[in-house]
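# Analysis of the macromolecular model
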Amino acid sequence: MLFADDAQIPRIKVMLPVLVIFALQLGVCLPLETKLEVVSRILHEVPLIDGHNDLPWNIRKFLKNQLADFKFSEDLRDIAPWSRSAWSHTDLARLKEGMVAAQFWSAYVPCSSQHLDSVQLTLEQIDLIRRLVAKYPSHMALVTTAAGIEKAHESGRLASLIGIEGGHAIGTSLGVLRMFYQLGARYLTLTHTCNTPWADCCIVDEPGQIPHIGGLSHFGMLVVKEMNRLGMMVDLSHVSVPTMLDALTTSRAPVIFSHSSAHAICNSSRNVPDHVLRRLAGNGGLVMVAFYPYFISCSATATMQDVVAHINHIRNVAGVDHVGIGAGYDGINLTPLGLEDVSRYPYLLSELLDSGRWSEDDLEKLAGRNLIRVFQKVEEVRDQLVIEGVQPIENHIPIEDVLGRTYCKYSGI
């Protein structure tokens, strides 16, 4: 039987996040369960998007990319070799527990493959990601558009996107870049921890290091412009500060940092300085905060509160529209206390909620709306370039830029 007061229950449930946030702003201490309930309601409405996960490389290391016996739907903490590895933080059960709605899977290959077989290895990693998604069709969906993220979220499946980590993956070829896009890649990290012939990495910012180029070369700027034309996000994690600034000057679309943190708090060369954060705000881009302790506390240990400090700093400098989450799980062997694996994202959002500074709208932006906005703008720029009649860039990298590094290349036309 429906009592008169029962009709008010749905309305009360809808109002609960607002009431809780108001109470926290007044300094009222609320139980963790109450805050997690609010976070859960927010994440049912807005997809939680993580910018970087290195599981595909672990599958290559542990299983040689063979998925027949990979039990991704089970708790990998109970299955060797994952159970023995400090680098393993991800499986479908924990992703669901963490309410992750969209994940950028990294198609990473090592810097040591540069000028050798980096293109082949990257193709194999893209193939792996696509096969992994196809193996679990009721749990995962391959997504290549901003709208696809929200559609997958509505269907209850994990939106799975591909990001290529390291510009050496394209083999100094814009044709390869275009084909990676056709295969589903939606961001390219311009470097990893090695310079490419067209871009400097973050290592050159460290004491005693000498820049190779001093940012982006002319060809590097063409790479960024071609990514704009394709509708591929430009990822500046791992690059040097001059490369960041050159990319921000060159790109017509917002850029991202898929897994970086705030340099003002931890002066790792992997993090983003304040003057770049201010430029990023003008560009409309996004820093997705990484969780690796050496990027968070500049030491082997860190806490969830340390991660919160980075999120708040980026918000303070760039604005709430320019911060997201890119933990870097499965590519790190140390994690902050309280953020041990992919199941822990709701606790991070609860910690932010507890501060009283973060409204429901703010948390929605951090969780996923910021990335979706950036992705949509990248698509809008692509569409505008089509209207303008911009054609594929057909330039080759100047031979002097790769002098002495063509020993594994066909020498004909």
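This structure is a prediction, so every number in the text was calculated from the model and none was measured.

What counts and what doesn't
- Residues numbered from 1 in each chain as written.
- Predicted model: local features only at pLDDT ≥ 70, side-chain atom pairs only at ≥ 80, totals over all residues.
- Heavy atoms only, no water.
- Helix = DSSP H or I, 4+ residues; strand = E, 2+ residues; numbered from the N terminus.
- Rg over C-alpha atoms; globule rule 2.2 N^0.38 Å.
- Buried < 20%, exposed > 50% of the residue type's maximum accessible area, 1.4 Å probe, protein only.
- Disulfide = S-S within 2.5 Å.
- Expected span 1.5 Å × (residues − 1).
- Contact = heavy atoms within 4.5 Å.
- Pairing = 2+ DSSP bridges.
- Right-handed = clockwise from strand over helix to strand, strands pointing away.
- 1 Å grid on protein atoms, 1.4 Å probe; cavity = no way out; pocket = protein on both sides within 12 Å on 5 of 7 lines; lining within 4 Å.
- Points joined across faces, edges and corners; volume = space filled by probe spheres on them.
- Nonpolar A, V, L, I, M, F, W, Y, C, P; charged D, E, K, R; others polar.
- Phe/Tyr/Trp six-rings, centres within 6.5 Å; stacked < 30°, edge-to-face > 60°.
- Lys NZ or Arg CZ within 6 Å of the ring centre and 35° of its normal.

## Focus: the overall build of the chain
Along its length, the chain carries 14 helices and nine strands. The globule rule puts the C-alpha radius of gyration for 413 residues at 22 Å, and the 21 Å found for the chain is close to it. Over its C-alpha atoms, taken along the principal directions, the chain stretches across nearly 80 × 50 × 50 Å. Out of the 413 residues in the chain, the part that is buried amounts to 56%.

## Topic: the state of the cysteines
Going through the model one piece at a time under the given rule, you end up with two disulfides. Shown here is the disulfide that connects Cys111 with Cys194, its sulfur atoms set 2.1 Å apart. On the sign convention where negative means left-handed, the S-S torsion of about -85° between Cys111 and Cys194 marks this disulfide as left-handed. With Cys111 in the loop between β2 (100-108) and α5 (118-135) and Cys194 in the loop between β5 (185-189) and α8 (218-230), the pair connects residues that are 83 residues apart, well separated along the chain.

## Thoughts on unusual backbone geometry
Most peptide bonds are trans, and most residues other than glycine sit at a negative phi. In the segment running from Ala80 into Pro81, the intervening peptide bond is cis, with an omega of 5°. Here Pro81 shows up in the loop between α3 (55-63) and α4 (92-97). Residue Met99 is not a glycine yet carries a positive backbone phi of 60°. One non-glycine residue with positive phi stands out, namely Cys298, at about 60°. Counting through the fold element by element, Cys298 comes out in the loop between α11 (293-296) and α12 (304-318). Classification of Cys298 as partly exposed rests on a relative accessible area of 35%.

## Points about α5
Helix length check: α5 (18 residues) gives 26 Å between terminal C-alpha atoms against 26 Å at 1.5 Å per residue, within 8%. Structurally, α5 contributes buried residues whose contacts are with α3, β2, β3 (140-142), β4 (158-165) and α7 (174-182).

## Description of the pairing of β5
Taking burial as the measure, the five residues of β5 include five buried ones, the bulk of the element. Where β4 and β5 come together, four bridges link them in parallel fashion. In the strand pairing of β5, Ile164 is matched with Leu188. For the crossover from β4 across α7 to β5, the handedness is right-handed. Pairing between β5 and strand β6 (residues 233-235): three bridges, direction parallel. Bridge pairing in β6 places Leu188 opposite Val234. Once you follow β5 into α8 and on to β6, the crossover reads as right-handed.

## Points about empty space enclosed by the protein
Think of a ball as big as a water molecule: rolled over the atoms, this probe shows where empty space is left. Per the stated rule, a full pass over the model turns up one cavity of 30 Å³ or more. Size it by volume and the largest cavity reaches roughly 30 Å³. At the level of secondary structure, the elements contributing two or more residues to the lining of the largest cavity comprise β8 (286-289), β9 (323-325) and α14 (360-387). In terms of residue count, the dominant contributor to the lining of the largest cavity is α14 (six residues). Looking at side-chain class alone, the lining of the largest cavity contains eight nonpolar, three polar and one charged residues.

## Side note on the packing of aromatic side chains
Under the counting rule described, the total for this entry stands at twelve aromatic pairs. Ring centres of Phe62 and Trp82 lie 4.9 Å apart, and the angle between their planes is 85°; on these two criteria the pair is classed as edge-to-face. Within this pair, whereas Phe62 is found in helix α3, its partner Trp82 is found in the loop between α3 and α4, the two being separated by 20 residues in sequence. The interplanar angle of 45° and the centroid separation of 5.3 Å between the aromatic rings of Phe70 and Trp82 together place this pair among those described as tilted. Of this pair, Phe70 sits in the loop between α3 and α4 while Trp82 sits in the loop between α3 and α4, and the two are twelve residues apart along the sequence. Comparing Phe70 with Trp82 shows no difference in burial state: the two are buried. Chaining the aromatic ring pairs together yields one cluster made of Phe62, Phe70, Phe72, Trp82, Trp105 and Tyr136. Residue placement shows Arg186 over the ring face of Tyr181; its charged tip is 3.7 Å from the ring centre. Taking NZ or CZ as reference, Arg315 lies 4.6 Å from the ring centre of Trp358, over its face.

## Thoughts on helix α13 (residues 345-354)
Of all ten residues in α13, seven are buried; the element is thus mostly enclosed. Within α13, the full set of buried residues consists of Tyr345, Pro346, Leu348, Leu349, Ser350, Leu352 and Leu353. Note on α13: the residue one or two positions beyond its end, Gly356, has a positive phi of about 80°.

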